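Read off the chains here:
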Amino acid sequence: MSNANRVFLWLLGGLLLLSVVWYTQWFFNNHERVTEEQRVDISPEAMRNRFLAAERFLQQLGYQAESFRARDLTTVLPPPGDVLLARRMPPQMSDQQIEVLDNWIEAGGILILTSEHFYQEDEDNDPFLAFLGVRMLPPESSDGQQADTSDQNEDSVKSDTSEADSSSYLPVRLSLVSEPEPVTVSFLRDRILIDGDQWASQRAGSGQGENYLRFEYGQGRVIVLSDLDLFTNDRIMKDDNAFLLSHLVAGSRKVWLQYSIDALPLPQLLWQKIPFIVCALVALLLLMGWRLFLFTGPRLKLQNLQRRNLLEHIDATAHYAWRIDKGYTLFENNRRALELAWRKRHPALNPMDESQRAEWIGEKTGMAATAVERSLYHEITKDQDFIKATLVLQQLASGLKQRELR
């Protein structure tokens, strides 16, 4: 390489390097990194599970958290020491189910629940809450008269009146054990709790009544809230709702969030319980479908695609019948029809047995009686016997026609 070319290449490389440096400097001087938030549609998982945000929140705090749904809580109780947040308790719980749940709490379980129904004397919609002596009532039913929401105690939040009236949630300040300052959480309005047995170790609420009751017995505890909407996807980040959840589950090993008591769809239930059997059935169905496309015999090579005439169709039908049972069915039908024709033509054959008929026909046709009897009545198993019997039947048919012509 000449010196001129070498100098030219060095200049070209230097110019390229300077261009890259200039472009990099220009890019960083005219662009900056920013973060944008874009709202997207609610995911199907969040629409199905209203505690999904609470689950993710607890996982970020380092807790083991899992959402589930179960028809009967007493059959899927977690180990003692875990927290069970039940969106809905099973209706009409039996005494045995209540005893199982009570033993689990005494062993160290933590249960967070609410009531879905207002208390009525003639109904028992919340057997476990009735066991605790807790009732859910509207404010006007607590003392037999309408509660005055304007006379909230000093723990109530002083918020704008028009904003409070337009919202269905009431901010309430709760003083929690081991927390230096009260927290503000938003409960549904017109829902209060009544501790009929005065057994709760801690209670808090607004001027309307109690919204938070805590029961300690055994090694576990029960927290009854007037509602659990404060932990749902659209409410957990409001006020101090998330902080209250973290306080309630503090010290637990794992948090179980029961978001529904509806039964799982049958396909999903089968996949959870017997996935290997489901996979085997799917594979079997695929194999059966694949097998349906296979031929069970050799393919017939068509000579042409034109429509065949009647003689070709009869010939093809005969070949098909021969492949099926070597013509034995056709032979059987023929000799029955031939015997019936002889009996109709000569009624004297009807009272005779098979041997006598064969001997009588042999005398009239000049054939051996044994050959006639074997061809008309005996079972044909060998191909050679089949050919001989066919020839005898042809002679019998000819003899019958000759006698009809006389």
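If you're wondering where the values come from, they're calculated on a predicted model, not measured in any experiment. (Residues numbered from 1 in each chain as written. Predicted model: local features only at pLDDT ≥ 70, side-chain atom pairs only at ≥ 80, totals over all residues. Heavy atoms only, no water.)

1. Some points on the confidence of the model for the protein
Then, number 1: Looking at the protein, the pLDDT average stands at 81 and 87% of residues meet or exceed 70.
Then, number 2: Mean pLDDT per element in the protein: helix α6 (residues 161–166) is the minimum at 40, and helix α3 (residues 52–60) is the maximum at 91.
Then, number 3: For residues 142–166, every residue scores under 50 in pLDDT, and the model assigns this stretch 29 contacts once sequence neighbours within four places are set aside. (pLDDT = per-residue confidence, 0-100. Helix = DSSP H or I, 4+ residues; strand = E, 2+ residues; numbered from the N terminus. Contact = heavy atoms within 4.5 Å.)

2. Side note on the UniProt feature "transmembrane region" (unreviewed entry) in the protein
Then, number 1: The residues that UniProt annotates with the feature "transmembrane region" (unreviewed entry) are residues 7–28 and 274–294.
Then, number 2: End-to-end, the C-alpha atoms of residues 7–28 are 32 Å apart, and along that stretch the chain is 100% helix and 0% strand. (UniProt positions renumbered as here; feature names shortened; annotations may be inferred.)

3. Some thoughts on empty space enclosed by the protein
Then, number 1: Tallied over the full model, the rule gives one cavity of 30 Å³ or more.
Then, number 2: As a volume, the largest cavity reaches approximately 30 Å³.
Then, number 3: As for the largest cavity, its lining consists of Met89, Pro90, Met93, Leu113, Asp126, Pro127, Phe128 and Leu129.
Then, number 4: Looking at which element gives the most residues to the lining of the largest cavity, the answer is helix α5 (residues 127–132), with three residues.
Then, number 5: Residues that form the lining of the largest cavity fall into these classes: seven nonpolar, no polar and one charged. (1 Å grid on protein atoms, 1.4 Å probe; cavity = no way out; pocket = protein on both sides within 12 Å on 5 of 7 lines; lining within 4 Å. Points joined across faces, edges and corners; volume = space filled by probe spheres on them. Nonpolar A, V, L, I, M, F, W, Y, C, P; charged D, E, K, R; others polar.)

4. With respect to the nonpolar core
Then, number 1: Counting 32 residues, the largest nonpolar core has Ile112, Leu174, Leu225, Phe231 and Leu245 as the members making the most contacts within it.
Then, number 2: Secondary structure elements with two or more residues in this core: α3, β2 (83–86), β3 (110–113), β5 (169–174), β6 (183–188), β10 (220–225), α7 (241–248) and β11 (254–260).
Then, number 3: Element by element, the count of residues in this core is highest for α7, at four residues.
Then, number 4: Excluding residues that lie within four positions of it along the chain, Phe231 makes contacts with Arg50, Phe51, Ala54, Leu85, Leu225, Ile236, Asn241, Leu244, Leu245 and Leu248.
Then, number 5: The next biggest cluster of nonpolar side chains, apart from the first, holds 26 residues, and it includes Leu73, Leu84, Trp104 and Ala200. (Core = buried A, V, L, I, M, F, W, Y, C linked by side-chain atoms within 4.5 Å. Buried < 20%, exposed > 50% of the residue type's maximum accessible area, 1.4 Å probe, protein only.)

5. Here's the deal with the packing of aromatic side chains
Then, number 1: Within the structure shown, the criterion is met by seven aromatic pairs.
Then, number 2: Ring pairing ties together the aromatic residues Tyr23, Trp26, Phe27 and Phe28, which thus form one cluster.
Then, number 3: A cation over an aromatic ring shows up here: Arg235 above the ring of Tyr169, its NZ or CZ 3.8 Å from the ring centre. (Phe/Tyr/Trp six-rings, centres within 6.5 Å; stacked < 30°, edge-to-face > 60°. Lys NZ or Arg CZ within 6 Å of the ring centre and 35° of its normal.)

6. Looking at α3
It helps to recall that an α-helix has 3.6 residues per turn; residues three or four apart then point in one direction.
Then, number 1: Those residues of α3 that sit buried are Leu52, Ala54, Glu55, Phe57 and Leu58.
Then, number 2: Each element contacted by the buried residues of α3 is listed here: α2 (44–48), β1 (64–69), α7 and β11.
Then, number 3: One or two positions beyond α3, positive phi appears at Gly62, with a value near 100°.

7. Overview of unusual backbone geometry
For residues other than glycine, phi is negative in most cases, and the peptide bonds are mostly trans.
Then, number 1: Positive phi values are uncommon outside glycine, yet Gln198 reaches one of about 50°.
Then, number 2: As for its position among the elements, Gln198 is in the loop between β7 (192–195) and β8 (202–206).

8. Structural notes on the side chain of Glu55
Then, number 1: Within the secondary structure, Glu55 is located in helix α3.
Then, number 2: Despite its burial, Glu55 remains without a salt bridge, the nearest opposite charge being carried by Arg56 at 5.4 Å.
Then, number 3: Residues in contact with Glu55, not counting those within four places in the same chain, are Asn49, Ala65, Glu66, Ser67 and Leu257. (Lys, Arg positive; Asp, Glu negative; His and termini not counted. Salt bridge = Lys/Arg side-chain N within 4 Å of Asp/Glu carboxyl O.)

9. What about the environment of Ile98?
Then, number 1: Along the chain, Ile98 falls in helix α4 (residues 95–106).
Then, number 2: Assessed through its relative accessible area of 10%, Ile98 is described here as buried.
Then, number 3: Taking the C-alpha atoms as reference points, Ile98 and Thr74, 24 residues apart in sequence, are found 8.2 Å from one another.

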